[in-house]
Amino acid sequence: MKNVSLAINAVLAIAVAVLYYLHFKSQQPAEDTKAAPKVVEGRKIVYVNIDSLATNYDYFKDTRKVLESKQFQLENDIQNRGRNLQNKLAFFQQRAQTMTMEQGRAAQAQLQKEEQDLMAYRERAAQGLAVEKAKKDDELYNQIFDYLKKVNAQNKYEMVLGYQKGGNILFADGGSDATKRVIDGLNKEYAAKQTATKK
């Protein structure tokens with residue numbers, strides 16, 4: 001009797017375990033039976049190497065040459081004016097003993113005015129050059145932006161980042177590098193504009 005009771009209890013325990021398993025198995029989310037979510041391919045993020053752009057974009061190189069030439073001319077002009085003022089000062093010092101006190105004061109006042117004029121000229125010229133550089137930088141940015149906007153109509157890039165060593169982007173995969181394509185396209189457009197303006 002004891003064995004029969006033990007056998008019934010064992011069968012009942014197994015039945016309860018099977019029912020328990022079947023009950024909770026049906027309530028668990030079936031990961032296998034659910035369809036995998038569709039992966040929607042996002043638009044691509046690419047980058048342009050800023051250093052390469054500065055080195056290889058013809059408009060940037062031409063603009064930089066023009067600005068460097070103007071800077072050089074400005075420095076030479078200021079040096080020439082400075083030397084001219086020094087010569088006048090040396091001449092004044094040589095003649096100071098033969099001048100009357102009134103002539104000496106007038107000459108000294110004239111030299112001080114010329115020195116102030118030279119300093120004001122240097123400041124105005126430097127500001128003018130800085131304004132021109134800012135304008136050229138703005139034109140450069142607009143050209144790049146307009147080109148990328150036009151090209152993006154075909155490529156559908158989500159974002160075009162500017163990569164520069166030591167910048168905010170610590171790593172960029174080479175497969176995302178659009179630098180050469182962008183530079184080639186920009187140079188092609190710039191050459192076409194140059195040809196059109198020469199006609």
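The structure displayed is predicted, hence computed values, not measured ones. (Residues numbered from 1 in each chain as written. Predicted model: local features only at pLDDT ≥ 70, side-chain atom pairs only at ≥ 80, totals over all residues. Heavy atoms only, no water.)

A word on the pairing of strand β1 (residues 45-49). Among the 5 residues of β1, 4 are classified as buried, and the element is accordingly described as predominantly covered. Two strands pair when backbone bridges link them, and β1 and strand β2 (residues 159-163) are joined in this way by 5 bridges, in the parallel orientation. What sits directly across from V46, in β2, is V160. (Buried < 20%, exposed > 50% of the residue type's maximum accessible area, 1.4 Å probe, protein only. Helix = DSSP H or I, 4+ residues; strand = E, 2+ residues; numbered from the N terminus. Pairing = 2+ DSSP bridges.)

A few words now on the packing of aromatic side chains. Pairs of aromatic rings are described using the distance from one ring centre to the other and the angle between the two planes. Enumeration according to the criterion identifies 5 aromatic pairs in this entry. Ring centres 6.4 Å apart and planes at 70 degrees place the aromatic pair Y57 and Y190 in the edge-to-face group. Separated by 133 residues along the polypeptide, Y57 in the loop between α2 (50-56) and α3 (58-95) and Y190 in helix α5 (residues 179-198) bring together distant segments of the chain. Residue Y57 is classed as buried on the basis of its relative accessible area, which comes to 2%. Put simply, the rings of Y57, Y59 and Y190 touch in pairs and so form one group of aromatic residues. Of note, R81 hangs over the ring of Y121, and the distance from its end group to the ring centre comes to 3.8 Å. (Phe/Tyr/Trp six-rings, centres within 6.5 Å; stacked < 30°, edge-to-face > 60°. Lys NZ or Arg CZ within 6 Å of the ring centre and 35° of its normal.)

Below, the discussion takes up the confidence of the model for the chain. Per-chain confidence: the chain averages 80 in pLDDT, with 78% of residues scoring 70 or above. Here helix α1 (residues 2-27) is the element of the chain with the lowest mean pLDDT, 52, and α3 is the one with the highest, 91. Contacts for the low-pLDDT stretch residues 30-40, under 50 throughout, to residues beyond four places or in other chains number 0 contacts. (pLDDT = per-residue confidence, 0-100. Contact = heavy atoms within 4.5 Å.)

The next thing to look at is the pattern of salt bridges. For the structure shown, the criterion picks out 9 salt bridges. Measuring nitrogen to oxygen at the nearest pair gives 3.4 Å for the salt bridge that ties D77 to R81. Taken as a pair, D77 and R81 lie in helix α3 at a separation of 4 residues, close to a single helical turn. A salt bridge links K88 to E114, with the nearest nitrogen and oxygen atoms 2.9 Å apart. Of the two residues, K88 sits in helix α3 while E114 sits in helix α4 (residues 101-155), which places them 26 residues apart along the sequence. (Salt bridge = Lys/Arg side-chain N within 4 Å of Asp/Glu carboxyl O.)

All right, on to the nonpolar core then. L53, Y57, I144, V182 and L186 are the most contacted members of the largest nonpolar core, which totals 15 residues. Contributing elements (two or more residues each) for this core: β1, α4 and α5. (Core = buried A, V, L, I, M, F, W, Y, C linked by side-chain atoms within 4.5 Å.)

The terminal C-alpha atoms of α3, which comprises 38 residues, lie 55 Å apart, in line with the 56 Å expected from a rise of 1.5 Å per residue. The complete set of buried residues in α3 reads Y59, T63, L67, L74, I78, G82, L85 and F92. Against the buried residues of α3 lie α4 and α5. (Expected span 1.5 Å × (residues − 1).)

Looking at where Q143 falls in the secondary structure, it is placed in helix α4. Here the alpha-carbon distance between Q143 and L186, two residues 43 residues apart in the chain, equals 8.1 Å. The contacts of Q143, once residues within four sequence positions are left out, are Y57, Y59, L186 and K193. One polar contact links Q143 to Y57, side chain to side chain, over a distance of 2.5 Å. (Polar contact = N/O pair within 3.5 Å; in protein donor to acceptor, adjacent residues only side chain to side chain.)

Right, let's talk about a nonpolar patch on the surface for a bit. On the surface, a nonpolar cluster with roughly 230 Å² of combined accessible area is contributed by I45, M159 and L161. Following the sequence through the fold, M159 ends up in strand β2. Since its relative accessible area comes to 40%, M159 is described here as partly exposed. (Patch = residues over 30% accessible without salt bridge, like charges linked within 9 Å, V, L, I, M, F, W, Y side chains within 5 Å. Areas by Shrake-Rupley, 256 points an atom, 1.4 Å probe, with all protein chains shown as cover.)

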